[in-house]
Amino acid sequence: MKEIFVDLDKCVGCLTCTLACAAEHSNSKDIVGAMLEKVRSRIAVESVGGKPVPLMCRHCEEPACVDACMTGAMQKDKVTGIVTNEGHEQKCVGCWMCIMACPYGVITPVEGETRLALKCDRCGGKEVPACVASCPQGALIYDEAKVVAELRRHNAAQLAMSKAV
């Protein structure tokens, strides 16, 4: 199952991922339209010690948000592994139990006429999520964990060899 991984060495904090996320979830599917529609991004970039750190839902193996959801709106798809509270018969009522349960703090409240817990839905099953596709630095990687592990091991070996010379 593919996951979104972050290469913190490559992230420059340009926020292109957040803009692409908002655009993907807007009616217009473009950044200007997303701004006019006031669509919020489902990915955040926090600063830790002056270094940008992109944060998004990890779509956990055993998601605490699903267990905490009192309406059953938050569900994990058994095939894709995507955890979302949208597109199901049960509706999110904005009780924020999922926000309290999420260990990563990546579910945010949307208040207004309709209360909704907002989180990454991996762009509804697109081949490559918009945040990953838009990253100009290649800091976001969408692949199987073993592929990413092999890539990191290869990069570490190259770094070790460059320092040995």
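Heads up: the structure comes first, above all this text.
Reference entry: report on the structure contained in this document. It should be emphasised that the depicted structure is a prediction, and the values quoted were computed from it without experimental measurement. (Residues numbered from 1 in each chain as written. Predicted model: local features only at pLDDT ≥ 70, side-chain atom pairs only at ≥ 80, totals over all residues. Heavy atoms only, no water.)

## Focus on helix 1 (residues 16–24)
An α-helical turn contains 3.6 residues, so any two residues separated by three or four positions project in the same direction. What counts here: In this scheme, a residue with accessible area under 20% of its type's maximum is buried, one over 50% is exposed, and one in between is partly exposed, where area comes from a 1.4 Å probe on protein chains only. The helix count covers DSSP runs of H or I at least four residues long, the strand count covers runs of E at least two residues long, and both are numbered beginning at the N terminus. Whether two residues are in contact is decided by their heavy atoms: any pair within 4.5 Å suffices.
With respect to burial, helix 1 is a largely interior element, seven of its nine residues being buried. Those residues of helix 1 that fall on the buried side of the exposure criterion are Cys17, Thr18, Ala20, Cys21, Ala22, Ala23 and Glu24. Against the buried residues of helix 1 lie helix 2 (31–37), strand 2 (44–48), helix 5 (122–125), helix 6 (130–134) and strand 8 (140–144).

## Looking at the pairing of strand 1 (residues 2–6)
Where a strand is regular, its side chains alternate between the two sheet faces. Cut-off, in case you're wondering: When DSSP locates at least two bridges between a pair of strands, those strands are taken to pair.
For strand 1, a buried count of four out of five residues is recorded, marking the element as mostly surrounded by other parts of the structure. As judged from the five bridges shared by strand 1 and strand 8, these two strands associate in the antiparallel manner. Directly across from Val6, in strand 8, lies its bridge partner Leu140.

## Some remarks on the nonpolar core
Here is the rule: Only buried Ala, Val, Leu, Ile, Met, Phe, Trp, Tyr and Cys residues count toward a nonpolar core, and they belong to the same one when joined by side-chain atoms within 4.5 Å.
Among the nonpolar cores identified, the biggest contains 14 residues, and Cys65, Met74, Cys98, Ile107 and Ala117 are the most heavily contacted of them. Filtering out sequence-adjacent residues up to four positions away, Met74 remains in contact with Cys65, Val66, Cys69, Val83, Thr84, Asn85, Cys98, Ile107 and Lys119. Counting residues in hydrophobic clusters, the runner-up holds 13 residues, among them Val6, Ile43, Leu140 and Tyr142.

## Considerations on a nonpolar patch on the surface
Where we set the bar: Each patch is built from salt-bridge-free residues with over 30% relative accessible area, joining like charges within 9 Å and nonpolar side chains (Val, Leu, Ile, Met, Phe, Trp, Tyr) within 5 Å. A 1.4 Å probe and the Shrake-Rupley method give the accessible areas. Residues count as covered only by the protein chains that appear here. A pairing counts as a salt bridge when a side-chain nitrogen of Lys or Arg comes within 4 Å of a carboxyl oxygen of Asp or Glu.
Where nonpolar side chains cluster on the molecular surface, the patch consists of Leu19, Ile31 and Met35 and spans about 280 Å² of accessible area. Within the fold, Ile31 resides in helix 2. The class for Ile31 is partly exposed, based on a relative accessible area of 39%.

## What about the pattern of salt bridges?
In this structure the tally under the stated criterion is six salt bridges. Close ionic contact of Lys29 with Glu24 constitutes a salt bridge, the shortest N to O distance being 3.9 Å. The shortest N-O distance in the salt bridge between Arg42 and Glu86 comes to 2.7 Å. Of this pair, Arg42 sits in the loop between helix 2 and strand 2 while Glu86 sits in the loop between strand 5 (83–84) and helix 4 (97–101); the two residues are 44 residues apart in sequence, bridging distant segments of the chain. A residue is classified by how much of its surface remains accessible, and Arg42, at 11% relative accessible area, is buried. Sharing partners across several salt bridges, the network here consists of Glu24, Lys29 and Lys126.

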